[in-house]
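Residue strings, one per chain:
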Amino acid sequence: MLNLKKNLKPSYKIKIREEFNFLMNFFNHKKYKCVHEKDLQNEFIQSGLEEKVYLQNIYGISSQGYYNVLPNDIKMIAFDNVTISEGSDFIRLKHNKIYNPYFNFTVNKYFITTSPDYLKSKCQKYFLKNVNTSKKYKRVFNLVSSNKSWSHFLALVLPKIQLLGKFSDDKSITVITNEIRDQQILELIKIELSEYKNIEIVILKNGESVDCETLFHIDLDSYIAIHGFLSSPHSIFISKFTREYWLKLKTKLVAKNNNQDLKLFIGRKGKRNVSNYKLVRDFFINKGFVEIFPEEYTLQEKVNLFNSASHIVGPGSSGFTNIIFCQEKTKVVWFLNFARTCDTYLTNYCNENNIDFTTLVGDDEIPEDLNSNYYLNIELIKSYFNDAYFEN
């Protein structure tokens, strides 16, 4: 039987999802006008200086080049009497107005929000679900975001904590964040907040909304596009501000460098996987690699694992974000579908910290789908991972 949904292009899947959600929530929505950052009073923190962004080094296809990007400034915006919702990037203001920081990125032109309260947009109007608030807080530092995955949160949300000192004076402040299943993220938040006084942490429940008398919101310069139909080098930018934070985090969590005696194969269970996974994995198991799933470890165990690695391979996933804890000269190779070869999440960090980072590309099952599975030729693997590769 023909599976119509499977054969739809990703962009059509998104459109159908939006229309369906809108119809399902027709009697439970409100129309908003989006406010631009230039219409708000904000405090300039750091200029978005031009940066080089390095592309991937793709074995057999391309060597590493770079392009220059002009990122946004880093800013703090103080809102009065607003509402925030769990997992949402939208901040509800008075008079049916909303603010969403990702709508202000000029480089990342095509933005699709995954905020659960978003229904659709039309003619510069945004339709959001009605919300009921459960509580009101006086002074709030905003860590609520639609970015709940390990890699997105580590790049786009957690670095904001570096700026909490601007507001954590003698007055108490409430740090509000999402309901997060990843306990390692919550552990990181608690570690970072332990340095401050007069701090209360509030974790919103799924779907919960709260009112804030004063909300301190940080707009970072890093961004990761959330869309399922476009491959572009401008979809991801991990700024120097974020990369420097990762180095501070590594220094804090790695007491001393471990022996580099582990070879890790990062396993993957979801989409965007190698279709001949077992054959590829077993090749590396026979070379002395250990298959791991990073989410199954505690934060400190994970940090120690990656800091002990000499070689890391596997299908591309957020698990590779953990190479920020690696030592210099670690050899890292991830496997990708061709549509993802514009991903620049880790390239700058690896260049700056002397981590040998290479990409092997497979044959996509659905070339127009960014989340396509792909076949990785075992002969390609054998030609790259020859005996000389493991000599040092």
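Heads up: the structure comes first, above all this text.
A. Highlighting unusual backbone geometry. A positive phi is found at R272, a non-glycine position, where the angle reads about 60°. Structurally, R272 can be placed in the loop between β16 (262–266) and α6 (277–285). At N354, a position not held by glycine, the phi torsion is positive, near 55°. Tracing the backbone shows N354 in the loop between α8 (347–352) and β20 (356–361).

B. Focus on helix α5 (residues 240–253). With 14 residues, α5 extends 20 Å between its outermost C-alpha atoms, agreeing within 8% with the 20 Å of an ideal straight helix rising 1.5 Å per residue. Listed as buried for α5 are F241, T242, R243, Y245, W246, L249, K250 and L253.

C. Region of the structure containing the packing of aromatic side chains. Scanning the entire structure with this criterion turns up 25 aromatic pairs. Plain terms: the ring middles of F90 and Y118 are 6.1 Å apart, the flat faces sit at 10° to each other, and that makes the pair stacked. Of this pair, F90 sits in the loop between β5 (74–85) and β6 (91–92) while Y118 sits in strand β8 (residues 118–122), placing them 28 residues apart in sequence. On the basis of relative accessible area, F90 is assigned to the buried category, the value being 1%. For Y118, a relative accessible area of 12% translates into the label buried. Centre to centre, the rings of F265 and Y277 are 5.9 Å apart; their planes meet at 80°, and the pair counts as edge-to-face. Linking F265 in strand β16 with Y277 in helix α6, this pair joins segments that are 12 residues apart in sequence. Grouping residues by exposure puts F265 and Y277 together as buried. Among the aromatic residues, ring-to-ring pairing joins Y59, F265, Y277, F283, F284, F289, F335, Y384, F385, Y389 and F390 into one connected group.

D. Seen up close, the pattern of salt bridges. One pass over the structure, following the stated rule, counts 13 salt bridges. Note that R243 and E51 form a salt bridge whose closest N and O atoms lie 3.1 Å from each other. Of the two residues, R243 is situated in helix α5 and E51 in strand β3 (residues 51–54); the sequence distance between them amounts to 192 residues. Accessibility classification places R243 together with E51 in one group, the buried group. The salt bridge partner of R92 is D117, with a shortest N-O separation of 2.9 Å. Taken together, the residues span a long stretch of sequence, with R92 in strand β6 and D117 in the loop between β7 (97–99) and β8 at a distance of 25 residues. Residue class for R92 comes out buried when judged on its relative accessible area of 5%.

Cut-off values and rules
Residues numbered from 1 in each chain as written. Predicted model: local features only at pLDDT ≥ 70, side-chain atom pairs only at ≥ 80, totals over all residues. Heavy atoms only, no water. Helix = DSSP H or I, 4+ residues; strand = E, 2+ residues; numbered from the N terminus. Expected span 1.5 Å × (residues − 1). Buried < 20%, exposed > 50% of the residue type's maximum accessible area, 1.4 Å probe, protein only. Phe/Tyr/Trp six-rings, centres within 6.5 Å; stacked < 30°, edge-to-face > 60°. Salt bridge = Lys/Arg side-chain N within 4 Å of Asp/Glu carboxyl O.

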